[in-house]
Amino acid sequence: MKKPVPVPTPATRPFWNALAEGKLRLQQCRACSTVFYYPRTCCPACLSPELDWREVAGTGTLYTYTIARRPTHPLFADEVPQRLAVVELDEGPKLTSTLVNLRDEDIRIGMRLAPVFEKQADGRTMLLRFQPADESLRSDARAEGGARQAPLPEVSALTPEVLAYVGRTGEAVTGYPVTAEEIRRYCYAVDDLDPRWLDLATPGGVSAPPMFVSIPFDIDRPLHELSEDGTALEHRGVIFPPVTLKRKLFGGLEIEWFRELRPGDVLTRQYRVLDIVERRGASGPSVFVRIEGTYCNQHGEKVAVEVNTIICR
Amino acid sequence: MGLRGEAAVVGYVELKPEKKPSGPPLTSIEQWAQLTRLALADAGIDKREVDGIVTSSIAESGMFGPATLAEYMGLELGFAESIDLGGASAAGAVWRAAAAIELGAADVVVCAFPGGPLPSPPEPKPHPFPFGASSAEYGSPQAEFDIPYGNVAQNCGYAQIANRYASRYGYDPRALAKIAVDQRTSACGNPDALFHGKPITIEDVLASPMISDPIHMLEIVMPVAGGAAVVLAGRERAGRLRKRPVWVRGFGERLAFKTPTYAADLLRTPIAEAARRAIAMAGVRHDDLDMVSIYDCYTITVLMTLEDAGFCAKGEGARFVLEHDLSCRGDFPCNTWGGQLSFGQTGMAGGMHHVIDATRQIMGRAGANQVRACDTALVTGNGGIMSEQAVLILQGA
């Protein structure tokens, strides 16, 4: 999922078009003179549809705010701490925005604010943010003057490079063909003696137990080729964001089963990064990466979908 | 005008909240049927007598929810209402049911609010509400003017209200924390509460992580699985039951915005007018109230409700909280089953636990947490971000 951007409707398009040019236009009611935000097809004070657009300076005061220490939604993890503001424009209407270019300790309800027209990553959308009207309170002015060193912002592990992995897929990898013998060996190893997997006289033949799906992708290696922890260094098709935290933990596996897997089937597996979320705890940040693996058979039919959660910290 | 007080809550069910659901997931329709069976058994009323229902939206039936429920449970209804008021839905459902009974549209009405997880379909579908209570649909004002700035979900809105309050009246974090502490004291007398057996102190609340300034983690409800329902009946039917009927004497309801940004005045919550109307309709005074059950998604909600519902002057909420014991043993019993803060928030069913809290006290069934001589109670519901609110006055005699 991508970060949400406004999608104009016919009624609101003049507002967004003006904003794209760095201008703030509000509607004013011809009947009762009320100036209001957000744009509508009628005046919220008297329901008159006779409205004019009026350009305003965009200056106002801070009505209220909060600093979100946890993202309000995973898609906004890159903006934490989020300085979520309600701004009261000089013409009266209030609007939702965020504060930029100032230090947290300088935020005061009632402070004067000036608009910042900020082009978004899509290259088209303009959002309206606010900074202190008093230039000496702006953090870029402070940095230049060097009068007071701004504290280092808490660095998020979710760099743009990491976040770019959301939605990316790895190479599709084909495993070796499933055999009744391999299923039997697996079932003995995990002590699952269900006749559906083992009894060759089962009508329709044997099938593999649900957790078997990843087995045809395990490649046997001689001892000296194994890694220090005894696992095979097999990474074909694996995709993982370049999170810089030190440790990786297994955070759970969900698997959903769509059809039976039988001797003779050949599976293809493809991984996709579902989402990447940062959480901050007393012991530092953790990054939760959820990766979906889709298993299809030789007919292209979906056999199973697994979701792995990996915790980096 | 208003209710005559001739409809009563006569039975209820409150499922034990669970962080990790132990049973198999049920559809909302299945949960509705289960809650109805249990609530009717509690009331001692046969299913064939039910002729009214009030429901929140049914996940499996975006349209025609009430008719689908009637069909599934084999009911023939004279009154069917779907209600969409968030956390105020339960209080809103109860007065609508009472009004329908007094008008003669129905005699026995079930108001059920499922709060359990739904079974996942074999082909996973995108989440119906990817931004929670903020609608991401094309044309929605939230999608266009709020979500793109990260103004999503509940924490930030309540925190913005709290900061605005602080700038006008000052802010004592210890008073806010004490609300959570007193309710935890009550939860320690309720074995069903999620945090039963885990008392906390003001220091614990203030030491919990800051989520959205000035709100700490322990001032926010924890979502859990559950479900709750009540049954209402008219005077004649209620009079033939063994349990003490809990009459719905007054109500008020108020809503004017969805996102707090667009509220005319964030510091006068809709509960002010709702409470004024409910109290006037019931003809009671604040002194008559033996307990209150105040919707407590956050501590700030309780503090501002105490002021706006008239228990103390505007800006005096912190002092009121510090001067009174809000636990079930105290001089101002509030959320005597532990509140949602300590019981857990069972999704849309959350508001119904406040109705049941007051009902249980008036019926005299609160066990270790029973308030002495409890006849009259005030219940509030709160939906959105203090944007849709309702008040009930319930009375035992």
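Residues numbered from 1 in each chain as written. Chains lettered and ligands numbered in written order. Predicted model: local features only at pLDDT ≥ 70, side-chain atom pairs only at ≥ 80, totals over all residues. Heavy atoms only, no water.

On to the sheet that holds strand S1 (residues 7-14) of chain B. Residue and element names in this part refer to chain B. In spatial order, the strands read S3-S2-S4-S7-S1-S8-S11-S10-S9; together these nine strands make up an open sheet with mixed pairing. Each edge of the open sheet carries a strand with a single partner, namely strand S3 (79-82) and strand S9 (291-293). Here the strands of the sheet are splayed against their neighbours by 25 degrees on average, with no regard to which way each runs. Pairing of strand S2 (residues 52-55) with strand S4 (residues 108-115) involves four bridges; the strand directions are parallel. The residue bridging Ile53 from the neighbouring strand is Val110, located in S4. The strands that helix H1 (residues 28-43) touches are S1, S2, S4 and strand S7 (226-234); relative to S4, the one it contacts most, it runs at about 130 degrees. Here helix H9 (residues 271-282) sits on the sheet in contact with strand S8 (246-255), strand S10 (376-383) and strand S11 (388-395), set at roughly 150 degrees to S8. (Pairing = 2+ DSSP bridges. Helix = DSSP H or I, 4+ residues; strand = E, 2+ residues; numbered from the N terminus. Axes fitted to C-alpha atoms, helices over the stretch in contact; angles between N-to-C directions. Contact = heavy atoms within 4.5 Å.)

The subject of this paragraph is the interface of chain B and chain A. The partner chain A presents 43 residues to the 39 residues of chain B that form the contact. Around 3300 Å² of area is buried between chain B and chain A when both sides are counted, 58% of it from carbon and sulfur atoms. Contact with chain A buries area across many residues of chain B, yet B:Glu144, B:Phe145 and B:Tyr149 alone supply 24% of it, more than any other trio. Counting across the interface, chain B meets chain A through two salt bridges. Between A:Lys302 and B:Glu123 there is a salt bridge, with its nearest N and O atoms 3.7 Å apart. Linking chain B to chain A there are 22 residue pairs in polar contact (both at pLDDT 80 or more). The dominant element in the side of chain B that touches chain A, judged by the number of residues it contributes, is helix H5 (residues 155-169) of chain B, at six residues. Along the lines of polarity and charge, the residues of the side of chain B that touches chain A split into 24 nonpolar, nine polar and six charged. (Buried area = accessible area lost by both parts, 1.4 Å probe. Salt bridge = Lys/Arg side-chain N within 4 Å of Asp/Glu carboxyl O. Polar contact = N/O pair within 3.5 Å; in protein donor to acceptor, adjacent residues only side chain to side chain. Nonpolar A, V, L, I, M, F, W, Y, C, P; charged D, E, K, R; others polar.)

Moving on: the nonpolar core. Residues and elements named next belong to chain B. In terms of nonpolar packing, the biggest core is built from 57 residues, with Ile300 and Phe311 touching the most fellow members. Breaking this core down by element, the ones donating at least two residues are H5, helix H6 (173-187), helix H7 (202-207), H9, helix H10 (299-308), helix H11 (317-323) and S11. Every residue in contact with Phe311, bar those within four places of it in the chain, is listed here: His286, Leu289, Val292, Leu306, Phe320, Phe332 and Leu378. Counting residues in each nonpolar core, the second largest holds 44 residues, with Val54, Val94, Ala228 and Val355 among its members. (Core = buried A, V, L, I, M, F, W, Y, C linked by side-chain atoms within 4.5 Å. Buried < 20%, exposed > 50% of the residue type's maximum accessible area, 1.4 Å probe, protein only.)

We now examine the confidence of the model for chain A. Detail in the predicted coordinates should be disregarded across regions flagged by low pLDDT. Per-residue pLDDT for chain A averages 89, and the proportion of residues at 70 or more is 95%. Ignoring residues within four places in sequence, the model shows residues 146-153 of chain A, a span with pLDDT below 50, making seven contacts including any to other chains. (pLDDT = per-residue confidence, 0-100.)

In the structure shown here, the tally under the stated rule is 16 aromatic pairs over all chains. For the pair A:Phe15 and B:Phe145, a centre-to-centre distance of 5.9 Å together with 70 degrees between the ring planes defines the contact as edge-to-face. With A:Phe15 in helix H1 (residues 13-20) and B:Phe145 in helix H4 (residues 141-145), this pair bridges two chains. Using a relative accessible area of 2% as the deciding quantity, one classes A:Phe15 as buried. B:Phe145 sits in the buried class, given a relative accessible area of 1%. When the ring of B:Tyr158 is compared with that of B:Tyr298, the centres are 4.2 Å apart and the planes differ by 25 degrees; the resulting orientation is stacked. Taken together, the residues span a long stretch of sequence, with B:Tyr158 in helix H5 and B:Tyr298 in the loop between S9 and H10 at a distance of 140 residues. Judged on exposure class, the residue B:Tyr158 and its partner B:Tyr298 are both buried. When the ring centre of A:Phe217 is taken as origin, the NZ or CZ atom of A:Arg269, which lies over that ring, is 4.3 Å away. (Phe/Tyr/Trp six-rings, centres within 6.5 Å; stacked < 30°, edge-to-face > 60°. Lys NZ or Arg CZ within 6 Å of the ring centre and 35° of its normal.)

For the structure on display, the rule yields 39 salt bridges over all chains. Among the charged side chains, a salt-bridge network with shared partners connects A:Lys3, A:Asp78 and A:Glu79.

Next up on the list: the environment of B:Val50. All names here are of chain B. Counting through the fold element by element, Val50 comes out in the loop between H1 and S2. The class of Val50 is buried, set by a relative accessible area of 3%. Along the backbone, Val50 and Val371 are 321 residues apart, and their C-alpha atoms lie at a distance of 31 Å. The residues touching Val50, leaving out its near neighbours within four places in the chain, are Leu40, Leu75, Glu76, Leu77, Val108 and Val110.

This part takes up the sheet that holds strand S1 (residues 24-29) of chain A. Residue and element names in this part refer to chain A. The three strands are arranged S2-S1-S3 in an open sheet whose pairing can be described as antiparallel. Of all strands in the sheet, those bounded by a partner on one side alone are strand S2 (35-36) and strand S3 (51-56). Lying on the sheet, H1 is in contact with S1 and S3; it crosses S1 at an angle near 150 degrees.

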